[in-house]
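Each chain is listed here by its residues.
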There are 2 protein chains.
Amino acid sequence: MRSAIGLISTLLMFGAAAPALAETGLSPADAGRMASRIEMLSAFGANADGGVDRVAYSEADLAARAWAMDLMRAQGLQDVRIDAGGNILARRPGTMPGAKPIMFGSHIDSVPGGGNYDGDVGVIAALEVIDLLNAADIETRSPLDVVIFSNEEGGLVGSLALTGAMTPETLDVMSAAGLAIRDGLKKIGGDPDRIDRDVVKPGALKAFLEVHIEQGAILDEEDVDIGVVEGIVGIEWWDVTITGVANHAGTTPMNKRNDALLAAGKLIQTVNTIALETPGRHVATVGRIKAFPGAPNVIPGRVEMSLEIRDLETAKIENLFDKIERASGKLAKEAGVSIVFDRIDVASHPALTDESIRAKIAAAAQGLGLSYKLMPSGAGHDAQDMARVAPTGMIFVPSVAGVSHSPKEFTEARDMANGANVLARTILAIDAQD
Amino acid sequence: MRSAIGLISTLLMFGAAAPALAETGLSPADAGRMASRIEMLSAFGANADGGVDRVAYSEADLAARAWAMDLMRAQGLQDVRIDAGGNILARRPGTMPGAKPIMFGSHIDSVPGGGNYDGDVGVIAALEVIDLLNAADIETRSPLDVVIFSNEEGGLVGSLALTGAMTPETLDVMSAAGLAIRDGLKKIGGDPDRIDRDVVKPGALKAFLEVHIEQGAILDEEDVDIGVVEGIVGIEWWDVTITGVANHAGTTPMNKRNDALLAAGKLIQTVNTIALETPGRHVATVGRIKAFPGAPNVIPGRVEMSLEIRDLETAKIENLFDKIERASGKLAKEAGVSIVFDRIDVASHPALTDESIRAKIAAAAQGLGLSYKLMPSGAGHDAQDMARVAPTGMIFVPSVAGVSHSPKEFTEARDMANGANVLARTILAIDAQD
């Protein structure tokens, strides 16, 4: 948690940073306006817990998208439109003919039972930058493209489509709203049959930038203002099947069992121990488990469970998995069971951000008198898809106690304004560069 | 496993036993007919593994019950009916006015993914006895009541009802078929609101007898034909709820997790270790587990699982549970979770069989030239409820390798016939006694 002293020191630093900010001709972001827009957005799909149920393709999602498009038009953005992948796009024209656009934005769909900051902060920060540029009457050389990605929470759908990585299989996946992604895209004005039409080709953008709440507690606990994201971790998933012998729980002596769930319990601990004891910032998680037949009076003969490993380096993920698989071989032998790992084809590869953009974000924070820290993103973001086609940067702002995907997530208005200020400055720095 | 030599010696003993069997006027049980009926029964709820999914109240259970009632009627049994507790009852009248009935039978519902012998053998043996008595034109003094208990695998529901031990709480328990026991009873023709109507009062029966496969491997491994059951272990069930904190699997560092599933894995091992290290013939099992929300990318915030402990002594069960509960308190503290045990009201108390009936079963086996052995039942059976209201006996026949609650369970036709022969002789011995 941020201390009162931290707050005061930040305010003092703000004062010192005013000249640096003034150099750009921009006024500081309006924290009150940003908080007010977050509040307006939170009305769409508001639930009793103070969060939102605004899963992609729901009526709440549709209404929030219409609100955002109205706001974009009111800001004077041009060509406000929905692309084939359901993304909302709007342009602030540049002055230099043929200049590549700088794109920035995030998403406004939520998980079921979600909060009011995940994604939303990045969209509101992007719109705030437009207001700041308009107010200062600053023209950029590059066109500025604001984007609101569709269905981020359901598998980065919008950015997959925008970067040409959408597959027919993904279009068939059932969304949280209860309809296939294909039908969801149609519902929100996309065109799943013509995804190719709107693909952004590698090299077509000058840069992509995203502001997002940090979904861990690192910034909040360490009282740091801005996270300069080094990259977005890769994610690998396995289905793990443990096969023993189902037997009667009353008549099979304790020392004559091949209990698949007992072995699963040991494997869950082994995964945790290996992840804890291996140095690094990786994580490994077992989140799903099912025992068969699953009756209190039958020794489980089979257990199916998930294994997820995340890290910034693919080699690290594979190294951890190798350790786990080796340990499981020993464990299986001792428990009289077999353990099989099947890799699932929904993996996402690690995506590194652009080094030069990282430096510009850091310089922007420094110029504003804000503390910052290089860090990986443990969560997936649309930026990881964009990193395949454009130099990409990502700016984290603190989320109190690191809470996310929950009605309890909260980011202070001051921190949202910091994010918008860093975003604006970074955009201008990129625009100034040939 | 039974050796070929064992088989030959059994056949030789059979030859020697023929005169003893003839004394009763009964022909030997028809092993082929019994195997054929087992096969017919196995069609109801047959699954791809060669076993059955015939949990109580399922469509397969309903169909099997209808088949059994048709067979009872075809045998000339009278008053074939379903009682308030969902038990199927049928009577072969006796000759002595006012004589107490002798009841015998078992169950035909299965666990999920069950086999073709557990319960079924006892029902088919009971029906075989009726055929043998009919063929020999033997009348008994006592009426003979054949019973097929309802929902044995879901907590001895039918015998609880029949013996007046059913509680409203048990009626509310969710059954494996996905409906409350109360609604399940209605579905199969019972009357949960009038359970009291059909209660068998203590002393109302002359005896209760049940044939069942031995669900351990003792008879099979020691090549013994008949198990004379000394008593049935008590069973206690708990719902265990482990509550941690659900969080993002990507952004929550390994050392900042309150992972309910990790704690559950440790508790499963603790249960196993305590059961292994405490001297005795008790067993303790976790057979069911569910993690919430149950997604590969979310750290489980809650786990619900089952705990079952069995022993011939109630005090031993309580002592084991105390050890487990104490250990879980320490474990919960270390893991940053809470662990709550809720005792389920489907417990069954240890039950001793009647000494005089045990002697009659042993004498019947001896008279038939069969080897026999006194032994406890590690599995629960309806006989344990019946033991509260009637002198009770239980006859075990071997199950190959002791497998049960599995599609792989198998009892040879010869052994089923031995069980029916011992049952018939024991019934006649009880009937002959004033």
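Residues numbered from 1 in each chain as written. Chains lettered and ligands numbered in written order. Predicted model: local features only at pLDDT ≥ 70, side-chain atom pairs only at ≥ 80, totals over all residues. Heavy atoms only, no water.

### Some thoughts on the overall build of chain A
Part 1: Across its full length, chain A carries 13 helices and 16 strands.
Part 2: Relative to the compact-globule value of 22 Å for 434 residues, chain A shows a C-alpha radius of gyration of 24 Å, a close match.
Part 3: Residues classed as buried in chain A amount to 59% of the 434 residues present.
Part 4: The contacts in chain A between residues at least 6 apart in sequence include a share of 80% that link residues at least 24 apart.
Part 5: Carbon together with sulfur atoms contributes 54% to the accessible area of chain A, which is approximately 16000 Å² in total.
Part 6: Both charge centroids of chain A, one from 39 positive and one from 58 negative side chains, sit 4 Å from each other. (Helix = DSSP H or I, 4+ residues; strand = E, 2+ residues; numbered from the N terminus. Rg over C-alpha atoms; globule rule 2.2 N^0.38 Å. Buried < 20%, exposed > 50% of the residue type's maximum accessible area, 1.4 Å probe, protein only. Contact = heavy atoms within 4.5 Å. Areas by Shrake-Rupley, 256 points an atom, 1.4 Å probe, with all protein chains shown as cover. Lys, Arg positive; Asp, Glu negative; His and termini not counted. Charge placed at Lys NZ, Arg CZ, Asp CG, Glu CD.)

### A look at the pairing of strand E16 (residues 392-397) of chain A
Residue and element names in this part refer to chain A.
Part 1: Across the six residues that make up E16, a large majority, six, are buried.
Part 2: Covered by surrounding structure in E16 are Thr392, Met394 and Phe396 together with Gly393, Ile395 and Val397, the residues of both alternating faces.
Part 3: Two elements, strand E5 (residues 207-213) and E16, share six bridges in a ladder whose sense is parallel. Across the sheet, the residue bridging to Phe208 is Thr392, located in E16. (Pairing = 2+ DSSP bridges.)

### Some thoughts on the interface of chain B and chain A
Part 1: Between chain B and chain A, the contact holds 52 residues from the first and 49 residues from the second.
Part 2: Of the roughly 4300 Å² buried at the junction of chain B and chain A (both faces included), carbon and sulfur atoms supply 62%.
Part 3: It is Met254(B), Gln269(B) and Pro296(B) in chain B that bury the most area against chain A; as a group they hold 16% of the surface buried on that side.
Part 4: Where chain B touches chain A, the interface holds two salt bridges.
Part 5: Ionic pairing is found between Glu221(A) and Lys256(B), a salt bridge with its closest N-O pair at 2.5 Å. (Buried area = accessible area lost by both parts, 1.4 Å probe. Salt bridge = Lys/Arg side-chain N within 4 Å of Asp/Glu carboxyl O.)

### Quick look at helix H11 (residues 355-367) of chain A
Residue and element names in this part refer to chain A.
Part 1: With 13 residues, H11 extends 18 Å between its outermost C-alpha atoms, agreeing within 8% with the 18 Å of an ideal straight helix rising 1.5 Å per residue.
Part 2: Within the span of H11, buried status applies to Ile357, Lys360, Ile361, Ala362, Ala364, Ala365 and Gly367.
Part 3: Residue Asp354 occupies the N-cap position of H11, its side-chain oxygen lying 3.1 Å from the main-chain nitrogen of Ser356.
Part 4: At the exit of H11 stands Gly369, carrying a positive phi of roughly 75°. (Expected span 1.5 Å × (residues − 1). Polar contact = N/O pair within 3.5 Å; in protein donor to acceptor, adjacent residues only side chain to side chain.)

### A short note on the relation of the copies chain B and chain A
In summary, the two copies of the chain are related to each other by a rotation about an axis coupled with a shift along it.
Part 1: At an RMSD of 2.6 Å, chain B and chain A line up after a rotation of 178° and a shift of 2.0 Å along the axis.
Part 2: Comparing interface residues between copies, 88% of those in chain B also sit at the interface in chain A, which points to an isologous, same-surface contact. (Least-squares fit on C-alpha atoms with pLDDT ≥ 70 in both.)

### A short note on the environment of Ser406(A)
Residue and element names in this part refer to chain A.
Part 1: Note on placement: Ser406 falls in the loop between E16 and helix H13 (413-432).
Part 2: The class of Ser406 is buried, set by a relative accessible area of 16%.
Part 3: Beyond its immediate sequence surroundings of up to four residues, Ser406 is in contact with Gly113, Gly114 and Gly115.
Part 4: Within the structure, the side chain of Ser406 is placed 2.9 Å from the backbone nitrogen of Lys408, a separation counted as a polar contact.

### So, the pattern of salt bridges
All names here are of chain B.
Part 1: Under the criterion given, the structure shown has 50 salt bridges over all chains.
Part 2: Between Arg197 and Asp198 there is a salt bridge, with its nearest N and O atoms 3.1 Å apart.
Part 3: Of the residues examined, Asp198 reaches a relative accessible area of 16% and is grouped as buried.
Part 4: Arg310 is the partner of Glu308 in a salt bridge, and the nearest nitrogen-oxygen pair spans 2.6 Å. Across the pair, Arg310 and Glu308 agree in class, each one buried.

### A look at the domain arrangement of chain A
Residues and elements named next belong to chain A.
Part 1: In terms of domains, chain A is made up of domain 1 (7-232 + 350-432) and domain 2 (234-348).
Part 2: For domain 1 and domain 2, the distance between their C-alpha centroids amounts to 37 Å.
Part 3: At the interface, eleven residues of domain 1 touch eight residues of domain 2.
Part 4: Both faces considered, domain 1 and domain 2 share a buried interface measuring about 670 Å² in area, 57% of it formed by carbon and sulfur atoms.
Part 5: For domain 1, the biggest contributors to the area lost against domain 2 are Pro350, Pro376 and Gly378; these three give 59% of the whole.
Part 6: For the pair domain 1 and domain 2, the number of links is one salt bridge.
Part 7: Notably, a salt bridge pairs Glu230 with Arg281, separated by 3.3 Å at the nearest N-O pair.
Part 8: Going through the elements one at a time, strand E6 (226-232) and strand E15 (372-377) are the ones with two or more residues in the side of domain 1 that touches domain 2. (Domains from an automatic or database assignment.)

### Describing the pairing of strand E16 (residues 392-397) of chain B
Part 1: In the sheet, strand E6 (residues 226-232) of chain B pairs with E16(B) via two bridges, with the strands oriented antiparallel. By the bridge assignment, Gly227(B) is partnered in E16(B) with Phe396(B).

### Things to note about the packing of aromatic side chains
The geometry of an aromatic ring pair is captured by two quantities: the separation of the ring centres and the angle between the planes.
Residues and elements named next belong to chain A.
Part 1: Counted under the stated rule, the structure contains ten aromatic pairs over all chains.
Part 2: Their ring planes at 10° and their centres at 4.2 Å tell us that Trp238 and Phe321 sit as a pair that is stacked. Of this pair, Trp238 sits in strand E7 (residues 234-243) while Phe321 sits in helix H10 (residues 314-335), and the two are 83 residues apart along the sequence. Phe321 matches Trp238 in its accessibility class, with the two residues each being buried. (Phe/Tyr/Trp six-rings, centres within 6.5 Å; stacked < 30°, edge-to-face > 60°.)

### Quick notes on unusual backbone geometry
Residues and elements named next belong to chain A.
Part 1: In the segment running from Phe292 into Pro293, the intervening peptide bond is cis, with an omega of 0°.
Part 2: Position of Pro293 among the secondary structure elements: in the loop between strand E10 (289-292) and strand E11 (298-299).
Part 3: Although it is not a glycine, His405 adopts a positive phi angle of roughly 55°.
Part 4: Along the chain, the position of His405 falls in the loop between E16 and H13.
Part 5: By relative accessible area, His405 is classed as partly exposed at 31%.

### Considering the side chain of Asp259(B)
Residues and elements named next belong to chain B.
Part 1: Mapped onto the fold, Asp259 is located in the loop between strand E8 (247-248) and helix H9 (260-277).
Part 2: Of the buried charged residues, Asp259 lacks a salt bridge, with Arg257 as the closest side chain of opposite charge at 4.9 Å.
Part 3: A distance of 2.9 Å separates the side chain of Asp259 from the backbone nitrogen of Leu261, its partner in a polar contact.
Part 4: When near neighbours in sequence (up to four residues on either side) are disregarded, Asp259 contacts Ile299, Pro300 and Val337.

### Side note on the packing of H11(A) against H13(A)
All names here are of chain A.
Part 1: Where H11 meets H13, the closest approach of the two axes is 9 Å, and the angle between their N-to-C directions is 130°. Considered as vectors, H11 and H13 are oriented oblique to each other. Classified by chirality, the crossing of H13 by H11 is right-handed. Each of Ile357, Lys360, Ile361, Ala364 and Ala365 in H11 lies in contact with H13, whose residues at this interface are Val422, Arg425, Thr426, Ala429 and Ile430.
Part 2: Along the lines of polarity and charge, the residues of the contact of H11 with H13 split into seven nonpolar, one polar and two charged. (Axes fitted to C-alpha atoms, helices over the stretch in contact; angles between N-to-C directions. Parallel < 35°, antiparallel > 145°, perpendicular 65-115°, else oblique. Left-handed = near helix turned anticlockwise from the far one by under 90°. Nonpolar A, V, L, I, M, F, W, Y, C, P; charged D, E, K, R; others polar.)

### Description of the packing of helix H2 (residues 31-41) of chain B against helix H13 (residues 413-432) of chain B
Residue and element names in this part refer to chain B.
Part 1: Orientation of H2 relative to H13, taken along the N-to-C sense of each, is 105°, at an axis distance of 8 Å. As far as their axial angle goes, H13 and H2 are roughly perpendicular. Contacts from Ala31, Met34, Ala35 and Ile38 of H2 reach H13 at Ala413, Arg414, Met416, Ala417 and Ala420.
Part 2: Of the residues in the contact of H2 with H13, the class split is eight nonpolar, no polar and one charged.

### Examining the environment of Gly86(A)
All names here are of chain A.
Part 1: The residue Gly86 is located in the loop between strand E1 (78-82) and strand E2 (88-92) in this model.
Part 2: The exposure class assigned to Gly86 is buried, which follows from its relative accessible area of 0%.
Part 3: Sequence separation between Gly86 and Asp385 is 299 residues, and the spatial gap between their C-alpha atoms is 16 Å.

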